[in-house]
Amino acid sequence: MANRFDDQDMRKRVSLYFDKAMSKEDETAFLSDKDQDPHFVQLFNQEKTAREFIKNQVRRPSVSPDLIQNIRNICR
Amino acid sequence: MNLLSDTRKKTGEEIFDSELLPHIDALKTFAFHLSYDDDDANDLVQETYMKAHRFIDKYQEGTNAKAWLFKILKNAYINEYRKKSKRPTRVDFEDIVSYHDSDDSRVPGYLDLRQEIFENMMGDEVTIAINALPMDFRTVVLLCDIEGFTYEEISKIIDVPIGTVRSRLFRARNMLKEKLASYATNLGYKDKRGRAKKEEE
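Reading guide: rules and limits
Residues numbered from 1 in each chain as written. Chains lettered and ligands numbered in written order. Predicted model: local features only at pLDDT ≥ 70, side-chain atom pairs only at ≥ 80, totals over all residues. Helix = DSSP H or I, 4+ residues; strand = E, 2+ residues; numbered from the N terminus. Buried ≥ 20, exposed ≤ 12 C-beta atoms within 10 Å, placed from the backbone. Contact = placed C-beta atoms within 7 Å. Nonpolar A, V, L, I, M, F, W, Y, C, P; charged D, E, K, R; others polar. Arc of directions from axis to C-beta.

**Q** How do you make sense of unusual backbone geometry when you look at a structure like this?
**A** One can expect most non-glycine residues to show negative phi and most peptide bonds to be in trans. One non-glycine residue, Lys20 of chain A, lies in the positive phi region at around 55 degrees. Structurally, Lys20 of chain A can be placed in the loop between helix H1 (7-18) and helix H2 (24-34). Overall, the presence of 12 C-beta atoms within 10 Å leaves Lys20 of chain A in the exposed class. Of note, the phi angle at Asp159 of chain B is positive, near 60 degrees, even though the residue is not glycine.

Printed below as a string of structure tokens:
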């Protein structure tokens, strides 16, 4: 069965949605279109998973109390 | 006169504590991924706060403190730390970027990674893959995908047009997924991209 929406356009819209770069109207239309096409839902979920994984797994080195104190000392 | 001066100083310190210091963790993460080194990252963060403190009168209370601090840090890195970098000179990707700026939709090869691939990754792969990106691409991924800045905010932080932000992001994400896909291949996953299309044909 052919997809309802153009693949390239779907991917572009998914990206814009997760980047919070859509207007309210575009976002509403996007969510409505997405739910009408299983392939669209699949792309959406893949992108969501990829972004959450990258965000959650990236190394976030800790900030030592010494660094905070140094900054406070220098800036006072 | 003294009273006025004291009031101003106190307000500046309050702003510093309540609006600027809460972003120290995010700044440290950004600095670490720019410099690849914990000590250099600490120096960068410290320098950022020193500059912010020096120019606190330029900051408007209640505006976007995080974006302001990230811009200061990015400039500090560009001005001082990149010169010291022992890493090889980066390849200039601006020609590629300029091409993609014209029309994102013409760029082929958007990559998908299946959910199960992520479930089998340890996490270090993400850090390694991000740090392997050229700096201009690494920066936009860190600012957008890790810190959640909008295109407009990123555009102001790195001083490039919004179209360039978008095209760099598009390319950076594909580069990142490509790197993660090679980890997936090493984990035993086969690259099935293109197979469905061939079967259709």
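**Q** What is the right way to read the interface of chain B and chain A from this model?
**A** A common way to report how large an interface is uses the accessible area buried once the components associate. Every contact between the two is made by 30 residues of chain B and, on the other side, 25 residues of chain A. Mapped by element, the contributors of at least two residues to the side of chain B that touches chain A are helix H2 (24-35), helix H3 (38-54), helix H6 (115-119), helix H7 (124-131) and helix H8 (135-146) of chain B. Of the residues forming the side of chain B that touches chain A, the biggest block, 8 residues, is contributed by H3 of chain B. In terms of residue class, the side of chain B that touches chain A is made up of 15 nonpolar, 9 polar and 6 charged.

**Q** Explain H7 of chain B here, please?
**A** All of the buried residues in H7 of chain B are Glu125, Val126, Ala129 and Ile130 of chain B. Projected onto a plane normal to the axis of H7 of chain B, the buried residues spread over an arc of 130 degrees and lie on a single side.

Honestly, that's just the spatial picture; any functional story needs more than this.
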